[in-house]
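# Notes for the structure review
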Protein chains: 2
Amino acid sequence: MTIEYAILGLLSWKPFSGYDLKKIISESAIYYWSGNNNQIYKTLLQLHQDGWVSQQVINQQFLPARKVYSITPSGNEALQKWLKSLPDLPEFRSVFLIKLEWAELLNDSELDDLLEVYLQELKDGLVIRQEENRREIKTGRSPRETYLWQKIAKKTISVFEDEIEWVEQMRIDLKTIRENQ
Amino acid sequence: MTIEYAILGLLSWKPFSGYDLKKIISESAIYYWSGNNNQIYKTLLQLHQDGWVSQQVINQQFLPARKVYSITPSGNEALQKWLKSLPDLPEFRSVFLIKLEWAELLNDSELDDLLEVYLQELKDGLVIRQEENRREIKTGRSPRETYLWQKIAKKTISVFEDEIEWVEQMRIDLKTIRENQ
DNA sequence: GTAGTCATGTAAGACGTTACATGATTCT
DNA sequence: AGAATCATGTAACGTCTTACATGACTAC
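Quick caveat, the model's predicted, so the values are computed rather than measured. (Residues numbered from 1 in each chain as written. Chains lettered and ligands numbered in written order. Predicted model: local features only at pLDDT ≥ 70, side-chain atom pairs only at ≥ 80, totals over all residues. Heavy atoms only, no water.)

### Quick notes on the relation of the copies chain A and chain B
For the record, the criterion: A least-squares fit on C-alpha atoms brings the copies together, and the residues used are those whose pLDDT is at least 70 in both copies. By definition, residues are in contact when any of their heavy atoms lie within 4.5 Å.
Take chain A, turn it by 180°, move it 0.0 Å along the axis, and it overlays chain B with an RMSD of 0.0 Å. The two molecules are tied by a two-fold rotation axis, judged by turn and shift. Taking C-alpha positions as the reference, the residue of chain A nearest the rotation axis is Phe92 of chain A, at 2.3 Å. Of the residues that chain A buries at the interface, 100% are likewise interface residues in chain B, meaning the two copies contact each other through the same surface.

What follows is the structure, given as structure tokens:
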């Protein structure tokens, strides 16, 4: 389970409640999970049972009690071990690519429509990601960390920028192919 | 279920057996599923029940019977409808990015090791993808399709190339950050 | 009064992977 | 002798999402 370590990593930075984590995970592009309650609250229970996090219940006047989790020394050890473990290759999952593969079943204008709609979605998605990054210009605990965090942020937007460029080039090329027929 | 349509798309190209599909899906980068038996054989059963594919049993001398599936007119209709439907945004899932976010817990040489190992994995992965593309230089049924198929193939390798470049730039930058301290 | 935020949690189901099971042939 | 290929399928399990459930406060 990698969400286990994703949460552990966040708690190594600051203590958070399940509710906080849910927000972070559902709003950040690098955390590719939906950020649903079930997964987060169950994972926190698991982490607590493993002794990797400790829980502090904070009662509130008119609101439900907050359960704030902090990383423990053994949790930190587990996180370190994971950080040093063999990294996984990234996965680029594009259902659009699968659609494109069978685009021969579409006529020229249908394909154009598909590309246009996709392009618009990408551009909207890019704006959302750019706003997400602007909202939190995170300063790290060291120049090295600040650099890495900026590099991560830039990566999430460059994936979209590259995809937009790729589609735009495709539209140009398709026009040329049609003219040469 | 998108694997349903992924299989339907392949069958719109040529008839295939479950065994054939398993191979294609597990070896191709754009089909991001593992290509396990369970999923494929169950999906084919489903597609057959829906009347989207037809089955032809081919008995063989010393080998188990092959069940070859072909797309039906209603399957083709369903596929067309799917092709024209709203495309999903691509997902870039990188566990490495989550690791990098907490790399502050590693010292300089540990981070260097992580980057080096990751880079090596990426380079190995790139070679595998390049070989995959070289194995089948697919010619489409039209210049348009040939172009699209090449564009898809190039995309699967450019994702890796971009990632390699990104990591290499990071190594250079990290060296500079250390020297300026 | 309707929707959103804060805050927890559970139930049901969809989706995906690993591993098991069979059995003959062919390659090293 | 052992492993790989061809070819089907099932069982068990892990992961992930959607939807349900509660309840007070706040903003429009």
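So, next bit.
### Describing helix H7 (residues 143-179) of chain B
A turn of α-helix holds 3.6 residues, and therefore any two residues three or four places apart point the same way. The condition is simple: Each helix is a run of H or I in the DSSP string that is no shorter than four residues. Each strand is a run of E no shorter than two, and both are numbered from the N terminus. Here the expected length of a helix is defined as 1.5 Å per residue gap, with one fewer gap than residues. Values of bend correspond, residue by residue, to the angle between axes fitted over the seven residues ending at that residue and the seven starting there.
When the terminal C-alpha atoms of H7 of chain B are compared, their 53 Å separation across 37 residues agrees well with the 54 Å that a helix rising 1.5 Å per residue should span. Maximal helix bending in H7 of chain B amounts to about 25°, located at Ile157 of chain B.

### What about the nonpolar core?
Across soluble globular proteins, you tend to see nonpolar side chains buried next to one another. The test is simple: Residues enter a nonpolar core if they are buried and are Ala, Val, Leu, Ile, Met, Phe, Trp, Tyr or Cys, with the set joined through side-chain atoms within 4.5 Å. A simple rule labels every residue: compare its accessible area, found with a 1.4 Å probe on the protein chains alone, to the largest value its type can have, and call it buried under 20%, exposed over 50%, or partly exposed in between.
Formed by 108 residues in total, the largest nonpolar core has its most connected members in Leu100 and Met170 of chain A together with Leu100 and Met170 of chain B. Apart from residues no more than four positions distant in its own chain, Met170 of chain A is found in contact with Phe96, Leu100 and Leu115 of chain A together with Tyr147, Leu148 and Lys151 of chain B.

### Points about the domain arrangement of chain A
Note on interface size: it is often stated as the accessible area lost on association of the parts. Residues and elements named next belong to chain A. Test applied: Boundary definitions for the domains trace back to an automatic or database domain assignment. A 1.4 Å probe defines the accessible area here, and the buried area is the portion of it lost by two parts on being joined, summed over both. Should a side-chain nitrogen of Lys or Arg be within 4 Å of a carboxyl oxygen of Asp or Glu, the pair is scored as a salt bridge.
As far as domains go, chain A holds domain 1 (3-83) and domain 2 (95-179). Between the C-alpha centres of domain 1 and domain 2 there is a distance of 31 Å. Counting residues at the interface gives 6 residues for domain 1, matched by 8 residues for domain 2. Note on domain 1 versus domain 2: buried area summed over both sides is about 530 Å², and carbon and sulfur give 60% of it. On the domain 1 side of the interface with domain 2, the three residues burying the most area are Trp13, Ala29 and Ile30, jointly 75% of the side's total. Between the two partners, domain 1 and domain 2, sit 1 salt bridge.

### Section: the protein's contact with DNA strand D
Basically, it comes down to this: Only a single heavy atom is needed: when it lies within 4 Å of a molecule or strand, its residue is near that molecule or strand. Any pair of nitrogen or oxygen atoms within 3.5 Å is treated as a polar contact; in protein, a donor-acceptor pairing is required on top of that, and neighbouring residues in sequence qualify only through side-chain atoms on both sides. When residues are sorted by character, Ala, Val, Leu, Ile, Met, Phe, Trp, Tyr, Cys and Pro go into the nonpolar class, Asp, Glu, Lys and Arg into the charged class, and all the rest, Gly among them, into the polar class.
In the vicinity of DNA strand D there are 21 residues, among which Asn36 and Asn38 of chain A together with Tyr19, Asn37 and Lys67 of chain B approach most closely. Each atom of DNA strand D within 4 Å of the protein was classed as base or backbone; sugar and phosphate made up 57%. Here a base oxygen of DNA strand D and a side-chain polar atom of Asn38 of chain A are 2.7 Å apart. Between DNA strand D and Tyr19 of chain B, the relevant distance is 2.7 Å, taken from a phosphate oxygen to a main-chain nitrogen or oxygen of the residue. Every element with two or more residues in the surface near DNA strand D is listed here: helix H3 (37-49) of chain A together with helix H2 (18-27), helix H3 (37-49) and strand S3 (66-71) of chain B. A class-by-class count of the residues in the surface near DNA strand D yields 9 nonpolar, 9 polar and 3 charged.

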